Amino acid sequence: MKLSLSAIAGLALFVLGALAPLIFGSQPYILYVLTLALCYAIPAIGMNLLYGYTGLVSLGHMGFAGVGAYTTAVLMKDFGVPFVPSLLAGAGAAGLIGLVVGIPCLRLRSHFFIVVTLAVGMIMYTLFNNLDALTGGAEGLPGIPRPEGFAIGAFEVEFRSLTGFYLLVFTVTALVFLLQYVLVRSDFGRSLSSVRQDESLAAARGVNVFAHKLFAFVLSAAIAGVGGAMKVLFLRAAAPLSFELQESINLIMMLILGGAGYLIGPIIGAITFVALPEFLRVASELRLIFFGFVLLLLARFAPRGICGLTEAAYTKLSNREKAVVAHT
Amino acid sequence: MATAILEQFINGAMMGSIYVLMALGMVLIYGVMHVLNFAHGVLFMVGGYMAHLYFFNLTGSYPLAILCSMASLALIGMVLERLIFRQLRDNLRMQIVASLGLILIIQNGVVQLWGPHALQMRPASVDALVRVGQLSFTVQHFVIIGVVALAVTVLYLFLTRTRLGTAMRATSQHPEAAVVVGIDPNRVYTLTFMIACALAGLGGALLGPLFLIFPQMGDAPMLKALSAIIIGGMGSVPGAIVGGLGIGILESLSTLVIPTDYRDTIVFGALILMLLVRPWGIFGVRVRGEH
Amino acid sequence: MSPILEVSGISKNFGGIQAVDGASFSLGQPGIYGLIGPNGAGKTTMFDIICGRQIPNAGEVRFHSQRIDGMKPYRLAREGLARTFQECRVLPEETCLDNVLFAAQDKRLGGEVVQALTRSGKARRAAEAEARRLLRLINLERYADEPAGALSYGQRRLLEIVSCLMSKPRILLLDEPASGINPTLLNTLRDFLVEIYEETRIVFLIVEHNMEFIMSLASEIVVMHQGRVLTQGAPDRVQSDKSVIDAYLG
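Rules behind the numbers
Just so you know, the residues in each chain are numbered from 1, in the order the chain's sequence is written. Written order decides the labels, with chains lettered from A and ligands numbered from 1. The predicted origin of the model limits local features to residues at a pLDDT of at least 70 and limits the giving and counting of side-chain atom pairs to 80 or more, whereas totals for whole chains, interfaces and linings rest on all residues. DSSP-based pairing: two strands are paired if at least 2 bridges between them are found. What counts as a helix is a DSSP run of H or I of at least four residues, what counts as a strand is a run of E of at least two, and both are numbered from the N terminus. Whenever a helix is involved, its axis is fitted only over the stretch in contact; in every case the axis is a line through C-alpha atoms, and angles between N-to-C directions fall within 0 to 180 degrees. By the convention adopted here, residues make contact when the C-beta atoms placed from their backbones lie within 7 Å. Classes in brief: Ala, Val, Leu, Ile, Met, Phe, Trp, Tyr, Cys and Pro nonpolar; Asp, Glu, Lys and Arg charged; the others, Gly included, polar. pLDDT gives the predictor's per-residue confidence on a scale running from 0 to 100. Note on terminology: angles under 35 degrees are roughly parallel, angles over 145 are roughly antiparallel, angles of 65 to 115 are roughly perpendicular, and the others are oblique. A clockwise turn of the near helix away from the far one marks a right-handed crossing, whereas an anticlockwise turn of less than a right angle marks a left-handed crossing.

Caption draft 1: Representation of the sheet that holds strand 1 (residues 5-14) of chain C. All names here are of chain C. What the four strands build is an open sheet, ordered 2-1-4-5; its pairing is antiparallel. A single partner strand is all that each edge strand has here, and the edge strands are strand 2 (17-27) and strand 5 (66-67). Across eight bridges, the pairing between strand 1 and strand 2 is antiparallel. Along strand 2, the bridge assignment pairs F14 with I17.

Structure below.
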């Protein structure tokens, strides 16, 4: 039952996402917001692997997104490297930094680890802000080119227009989602889950807890790097503010809101988090206060977010149905 | 050079004292309840605003304003513990989510109430200067160091000489210990939160006049205090003191050789280095021979 | 032929307390072995050392003549050493079926990732069939798709043991399996342990407080006292041994 529910939701999201340019074709603003939301959904998927499945909290994850973003941006802007290799290089660079950070820090107990990720995020932000030669400092790197289009026969694909770029981000998100799906549904996913639920038990059953945590961390850093790269390609500029502490915290909030530990949780969360304020037209402070209360309520009453609430409601409904059937 | 070092040393000791106040509060909460309260920085900031409010609107006296600010924060601490953190005990991830929520509510709530601009308050101690050799510092520098030293002493006496303090220390080692001494552990938790928040309020009230009072004023001290309690040894009160002062002095002295922009990087670098070399901290206890 | 498990001269102290003090024993052939002793005899520490939770100060543990002391728990598990926990641990959020499948799966990181990409449906169905057979053995088949956290304590205990079996261990270590089990269910537990022993024919090493339970279950008993091994032998011989009686009464 559970499986079919999430499968239906996932498919519905996919179809809606693919058709969005047709549905919202006349409203570029909605498409713009949706594109931005998907740029956040990608690192949120990475965070889901780390937080939702493995149970590790990272408060500096947008730092890794920044590494990916600047790497991709510099390669495309200054060296004219095509999009795909640049994006992969960005992911690789973010993953590499994740590895360097993860090896010493993942041995620490959970509280310490959280603080260190926070510190690492701050350090990276400082570096983005001050390594002027590489990152352009506080001004950032403007004028990042959009990926080149290509043609299949008479059919031309371009990424300069909003619709074109939206479809590109959508494709990348779908690929990252597919990666998440394959990993989570595999034995590897079950091992990650075991680490979250009971480290001692996982170890006693033969899981190398450290190696699994490290793999999840590096992978989620690399995915965050992809997200960061897509974001700066979309905005056509890389600036340190995109990767500051608040952004990392936003990432956690999106995931909690959508539902950590659910495949579609990060996507639901990112869309809700980015889109909702656009339609909730009040002062930004009031909006953030509202989100603060939402977080408190989620922490207290619905730690599994929107997906968890939906699932609970669905189970309740189907149980009632069953009871009725049994009665008659 | 010697004067420059002395200047940065005294500046560092002053900032370090502020970090000590923050770190002590966080260490108490962590030790007794195993909660990492990331919202401690915004409570510090509220302390600054409270002092401003009491100073201009009610008392007109700086010392009285400080005390009222501490009392208000203690009250806030009580509410937070009862309503939020007590319900989330032993749930590390949700504690963090809740404290992130608190940061959003409080920080933006303050912007709503007082506006985004910095406030200023100048009690006499900020304008009066003390000459040390060729250097001059505000009296407030030494007020901060002195008041913090006093607060630390009082806290120490409380923890070691009173029944409630003993219960707090006992609870931090063994949750059931308070029950054995005949004290309701929930009272210990509430009290711990109240004391910790009052210390944050004191910090905000002390630092506010020297710099400015603004919504983000607590962010950096909170991060430095976090580093301090880890460097000192998670859960260790002496560690929080040594760590806090050490970080204040280190970051201040570092500006002599490294651009100011990298000051935070130095502190966090020291933190990461410490975790690599001695993850259990200066005063922490290492657990040996276990996998 | 070397014994299956050989413990020689193990010592472990915590601060000033000598928990285990030069203990030696060996388990020569398959069988159900009991490890008993009065409180503070060092049997829990000994168990922790064999499971890789503690590193001994001196001495060695050999498993099929390979040294295993100081090895990390996950390495031990891959060597075929399965254990249960005194407080009974299962993955609470996974279903019973997933708990059992988890025990059987390949947990090496590389293997898992390759498996994720090249999953063979046939191998998976075979593992699932075996898991369901084991669940039927403990009457939990109808809960196969329920989360393990919803089970009763006794059911979780059985699930834990069955999960261990699923990993095809070469030795099974049980940490006080009878603790917290309703007395009327003890007979069921005993029969179940005997049944699975008959099926697997491997070494079962059981740390136990409940004398009646272990004496009627084990084929051989190792008695520890004050950090040393006092004696080792058949249950009836151990029960009438004067030094054992003295140790329990003293």
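Caption draft 2: Representation of the pairing of strand 1 of chain C in the model. Residue and element names in this part refer to chain C. Here strand 1 folds back onto strand 2 in antiparallel fashion, the turn holding two residues, of which G15 has a positive phi close to 60 degrees. Looking at chain direction, strand 1 and strand 4 (residues 58-63) are connected through five bridges and run antiparallel. When the bridges of strand 4 are listed, L5 appears paired with F63.

Caption draft 3: Just the sheet that holds strand 8 (residues 203-207) of chain C, in detail. All names here are of chain C. Here we have six strands laid out as an open sheet, ordered 6-7-8-3-9-10, and mixed in their pairing. What marks the edges here is a single partner per strand, and that holds for strand 6 (81-83) and strand 10 (228-233). On average, each strand axis in the sheet is tilted by 20 degrees relative to the strand beside it, whichever way the strands run. Summarising the sheet, strand 7 (residues 171-175) and strand 8 pair through five bridges and their orientation is parallel. Paired with I171 across the bridge in strand 8 is V203. Contacts from helix 10 (residues 242-249) reach strand 9 (220-225) and strand 10, with the element oriented near 135 degrees to strand 10.

Caption draft 4: Structural context of the interface of chain A and chain B. Chain A puts 31 residues into the contact, and the matching count from chain B is 34 residues. Breaking the side of chain A that touches chain B down by element, the ones donating at least two residues are helix 4 (83-105), helix 5 (110-130), helix 11 (245-258) and helix 13 (284-301) of chain A. Residues of the side of chain A that touches chain B, tallied by class, amount to 24 nonpolar, five polar and two charged.

Caption draft 5: Structural detail: the confidence of the model for chain B. On average, residues of chain B carry a pLDDT of 87, and 96% of them reach 70 or more. Mean pLDDT values over the elements of chain B span from 69, in helix 8 (residues 177-181) of chain B, up to 93, in helix 3 (residues 62-85) of chain B.

Caption draft 6: Inspection of the confidence of the model for chain C at higher detail. Confidence along chain C averages 88 in pLDDT terms, with 96% of residues attaining 70 or more. Across the interface, the model reports ipTM at 0.88; the global pTM reads 0.89.

Caption draft 7: Quick look at the packing of helix 3 (residues 61-78) of chain A against helix 10 (residues 209-235) of chain A. Residue and element names in this part refer to chain A. At a minimum axis distance of 6 Å, the contact between helix 3 and helix 10 shows a crossing angle of 55 degrees. In terms of their interaxial angle, helix 3 and helix 10 are classed as oblique. Crossing of helix 3 over helix 10 shows right-handed handedness. On helix 10, the residues touching H61, F64, A65, G66, V67, G68, A69, T72 and A73 of helix 3 are A221, A224, G225, V226, G227, G228, A229, K231 and V232. Residues that form the contact of helix 3 with helix 10 fall into these classes: ten nonpolar, seven polar and one charged.

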